[in-house]
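Given next are the chains, with one letter for each unit.
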Amino acid sequence: MNNTNPIGKVAVITGVNGQDGSYLADMLLHKGYDVIGLKRRTSTINTSRIDHLYDHPLFKLHHYDLTDGSSVFHILEKYKPDEFYNLAAQSHVAVSFEIPEYTSSGIAEGTLKILEGIRTISPNTRFYQASSSEMFGDNTDHNDMNGFNERSRMLPVSPYAVAKLHAHHMTRTYRTAYGLHASSGILFNHESPRRGETFVTRKITIAAARIKLGLQDELRLGNLDAKRDWGYAGDYVKAMWLMLQQPHADDYVIATQETYTVREFLDVVFAEAGLDWKRYVVIDPQYFRPNEVPFLLGDPSKAKRLLGWQPEVNMKLLARLMYKSDLAIQTKQIPSETVIG
Ligand code: NDP
Ligand code: GDR
C-alpha cells in the first residue's frame, strides 16, 4: 500500500485513540505495519494518546463510527487490510446502565457490521474482537479455582457485558459458519498511565498524586470490595497481535491470574505516596452500580500454551508505575497522556 512499508502488511484499528488502540498502534508501527486508525468525530480534539504518531509515515487516521456501517465498508473496500482490530466501544460499565441502547447497538450491532463487511468485501482479513471478562459476570458460585477460562459459564450483569457477549458469540459464529479468521480476546482489566481518568485505577492514581501535592483533599469512590485481575495494557496488546498470527482463529483468556480488591489497589498506591488512604477516601453511593461483578480472576493457561504469551507487569508494579506517571503529570501540570508509559 505504501512504498515505505517494510513488511507490506496493513492493519485497521477501531478506537485507535483509546487506551488499547494507542498501544496497539505503537506496537504495529514498530513492527512495520501500515496502520489505519479509525476514530469517531468529536467536537473537541481527544487525540492526546496518539498525537505522537501524526507524522509517522505509516500512520493514517480516518473518521468512523461504530453505528455507521457505511464508514467501515468504505475502509474495507479501500484497504482490504490484512488485520482488523475492533477495539472501539462505549467501554464504561457503569455508564452502560445510563445509556444502554447506545452501548448495546455500538458494541453488538457495530461488531456485526464489521464482520458482515469482512465476509462480503475482504474475507481474507483477520479479525480481532475485544471481548471482556465482564462477560463472566456474577459467576461466583462456579468453582473455577484457577480462574475463569474460555469454557467457564458466562452470566453478564450489565448492558455493556450483555452487548460484549453478543459480539463475542457473533465473532465465533462468523468463524465457524463462514471460515473467517475471527478471534476474540477475553481480556481481564488492564490499565496503564494512558487509562481513562474515570476507571477506578486511574481515578485513584490521579487523586493520590493530587493529594500528595496538596491539590485535592478527598477521593470519592464506590464499592471497595470488588476484586479484579488487573494487568498492564502494554502486555495485553501483544496478545491481540499474537492471536492474529496463528494459523487458526480461536478465543483466548488474557489475564494475570492474580486478583485484588479495590481496597488493596488503594493500599499500594497510597503507600507509594506515603499517605494513609483512609484519611481521604469518602464512600459515595453515586459510584455504586445497579449490578456489580464481585470477583474476577482469569486463567490464561491456553494463551500461555498456544500463543507463548505471558504478562510481565503485576498489579503492584502497575499501580506504582501509574502513580509515578500521574505525580509527574500533576507536578509539571503537563497535559495528561503526554507521559507515555
Ligand atoms: P477506551 O474507552 O480507552 O477506548 C475506547 C475507544 O472506542 C475510544 O477511542 C472511543 O472514542 C471509541 N469509541 C467509543 N464509542 C465509539 C463509537 N460509537 N464509534 C467509534 N468509536 C467509538 O477503551 P480501552 O482502550 O480500555 O478498551 C478497548 C476495548 O477493549 C474496548 O472495546 C473495551 O470495551 C474492551 N476491553 C477493555 C478492557 C480494559 O480493561 N481496558 C478489558 C476488556 C475489554 P472516544 O475517545 O471518542 O470516546
Ligand atoms: P470495570 O472497571 O467496571 O471492571 O470495567 P472500573 O475501573 O470502572 O471498575 C472496577 C471496579 O471498581 C469499582 N469502583 C469504581 N469504579 C469506578 N469506575 N469509579 C469509582 O469511583 C469506583 N469505586 C469503586 C467498580 O464498582 C468495579 O467493581 C473495565 C472496563 O475497562 C471495561 O471496558 C472492561 O471490559 C472491564 O474492565 C474488563
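Residues numbered from 1 in each chain as written. Chains lettered and ligands numbered in written order. Predicted model: local features only at pLDDT ≥ 70, side-chain atom pairs only at ≥ 80, totals over all residues. Heavy atoms only, no water.

**A short note on the site of ligand 2**
As a matter of local geometry, ligand 2 sits amid 23 residues, with Ser-91, Ser-132, Tyr-160, Arg-289 and Glu-292 nearest to it. Take Tyr-160: an N or O atom from its side chain is 2.5 Å from an oxygen atom of ligand 2. Between Glu-292 and ligand 2, the recorded distance is 2.6 Å, taken from a side-chain N or O atom to an oxygen atom. Taken together, the residues of the shell around ligand 2 sort by class into 8 nonpolar, 8 polar and 7 charged. (Near = heavy atom within 4 Å. Polar contact = N/O pair within 3.5 Å; in protein donor to acceptor, adjacent residues only side chain to side chain. Nonpolar A, V, L, I, M, F, W, Y, C, P; charged D, E, K, R; others polar.)

**Here's the deal with the sheet that holds strand 11 (residues 251-254)**
Judged by pairing direction, the sheet is parallel, and its 7 strands sit side by side in the order 3-2-1-4-5-6-11 without closing on themselves. At either end of the open sheet lies a strand with only one pairing partner, and these are strand 3 (59-63) and strand 11. Neighbour-to-neighbour, the strand axes of the sheet open up by a mean angle of 20°, direction not taken into account. Alignment of strand 5 (residues 126-132) against strand 6 (residues 182-187), held across 6 bridges, turns out to be parallel. Pairing of Ala-130 across the sheet is with Gly-185, part of strand 6. Sheet strands in contact with helix 2 (residues 69-79) are strand 1 (10-14), strand 2 (34-39), strand 3 and strand 4 (83-86), and its direction is about 145° off that of strand 3. (Pairing = 2+ DSSP bridges. Helix = DSSP H or I, 4+ residues; strand = E, 2+ residues; numbered from the N terminus. Axes fitted to C-alpha atoms, helices over the stretch in contact; angles between N-to-C directions. Contact = heavy atoms within 4.5 Å.)

**Quick look at the environment of Val-268**
By secondary structure assignment, the location of Val-268 is in helix 8 (residues 262-273). We classify Val-268 as buried; its relative accessible area is 11%. In sequence terms Val-268 and Tyr-323 are 55 residues apart; their C-alpha atoms lie 9.6 Å from each other. Other than its neighbours up to four places away in sequence, Val-268 contacts Met-315, Lys-316, Ala-319 and Arg-320. (Buried < 20%, exposed > 50% of the residue type's maximum accessible area, 1.4 Å probe, protein only.)

**Notes on the environment of Val-262**
By secondary structure assignment, the location of Val-262 is in helix 8. Relative accessible area serves as the criterion here: at 5%, Val-262 is assigned to the buried category. It is 18 Å that separates the C-alpha atoms of Val-262 and Pro-290, two residues lying 28 residues apart in sequence. Each residue touching Val-262, except ones within four places of it in the same chain, is listed here: Val-200, Ile-204, Asn-223, Leu-224, Ala-226 and Trp-230.

**Comments concerning the packing of helix 4 (residues 100-121) against helix 5 (residues 159-178)**
Helix 5 packs onto helix 4 with a crossing angle of 10° between their chain directions and a minimal axis gap of 8 Å. Accordingly, the angle class assigned to the pair helix 4 and helix 5 is roughly parallel. When the axes of helix 4 and helix 5 are compared, the crossing they make is right-handed. Along the contact surface, helix 4 presents Pro-100, Thr-103, Ser-104, Ile-107, Ala-108, Thr-111, Leu-112, Leu-115, Glu-116 and Arg-119, while helix 5 presents Pro-159, Tyr-160, Ala-163, Lys-164, His-166, Ala-167, Met-170, Thr-171, Tyr-174 and Tyr-178. The residue inventory of the contact of helix 4 with helix 5, partitioned by class, reads 12 nonpolar, 5 polar and 3 charged. (Parallel < 35°, antiparallel > 145°, perpendicular 65-115°, else oblique. Left-handed = near helix turned anticlockwise from the far one by under 90°.)

**A word on the domain arrangement of the chain**
Taken as a whole, the chain is organised into domain 1 (10-191 + 230-254) and domain 2 (200-227 + 259-296 + 313-336). The straight-line distance from the C-alpha centre of domain 1 to that of domain 2 is 27 Å. The partner domain 2 presents 20 residues to the 20 residues of domain 1 that form the contact. When the buried area of domain 1 at its contact with domain 2 is split by residue, Phe-97, Glu-191 and Trp-230 rank highest and sum to 39% of it. Counting the contacts that link domain 1 with domain 2 gives 0 salt bridges. When residues of the side of domain 1 that touches domain 2 are traced back to their parent elements, those giving at least two are helix 3 (93-98) and strand 10 (231-232). (Domains from an automatic or database assignment. Buried area = accessible area lost by both parts, 1.4 Å probe. Salt bridge = Lys/Arg side-chain N within 4 Å of Asp/Glu carboxyl O.)

**Digging into the packing of helix 6 (residues 200-212) against helix 8**
Helix 8 packs onto helix 6 with a crossing angle of 30° between their chain directions and a minimal axis gap of 10 Å. Our classification of the angle between helix 6 and helix 8 gives roughly parallel. Here helix 6 runs over helix 8; the crossing is right-handed. Each of Val-200, Thr-201, Ile-204, Thr-205, Ala-208, Ile-211 and Lys-212 in helix 6 lies in contact with helix 8, whose residues at this interface are Val-262, Phe-265, Leu-266, Val-269, Phe-270 and Ala-273. Looking at the contact of helix 6 with helix 8, its residues break down into 10 nonpolar, 2 polar and 1 charged.

**Brief notes about the nonpolar core**
Membership of the largest hydrophobic core comes to 61 residues, with the highest contact counts inside it found for Tyr-85 and Phe-270. Ranked by residue count, the leading element in this core is helix 7 (residues 233-244), at 8 residues. Apart from the residues lying within four places of it in its own chain, the contact partners of Tyr-85 are Ala-11, Val-12, Ile-13, Thr-14, Leu-24, Leu-28, Tyr-128, Met-240, Trp-241, Leu-244 and Gln-245. Of all hydrophobic cores here, the second largest spans 21 residues; its members include Leu-66, Val-72, Leu-76 and Met-170. (Core = buried A, V, L, I, M, F, W, Y, C linked by side-chain atoms within 4.5 Å.)

**Considering helix 10 (residues 315-332)**
With 18 residues, helix 10 should cover 26 Å at 1.5 Å per step; its first-to-last C-alpha distance of 26 Å lies within 8% of that length. All of the buried residues in helix 10 are Met-315, Leu-318, Ala-319, Met-322, Tyr-323, Ser-325, Asp-326, Ile-329 and Gln-330. Viewed along the axis of helix 10, the buried residues span an arc of 165°, placing them on a single side of the element. Exposed residues lying more than 90 degrees from the buried face of helix 10 are Lys-324 and Lys-332. Those residues of helix 10 that are buried lie in contact with strand 7 (190-191), helix 6, strand 10, strand 12 (260-261) and helix 8. (Expected span 1.5 Å × (residues − 1). Arc of directions from axis to C-beta.)

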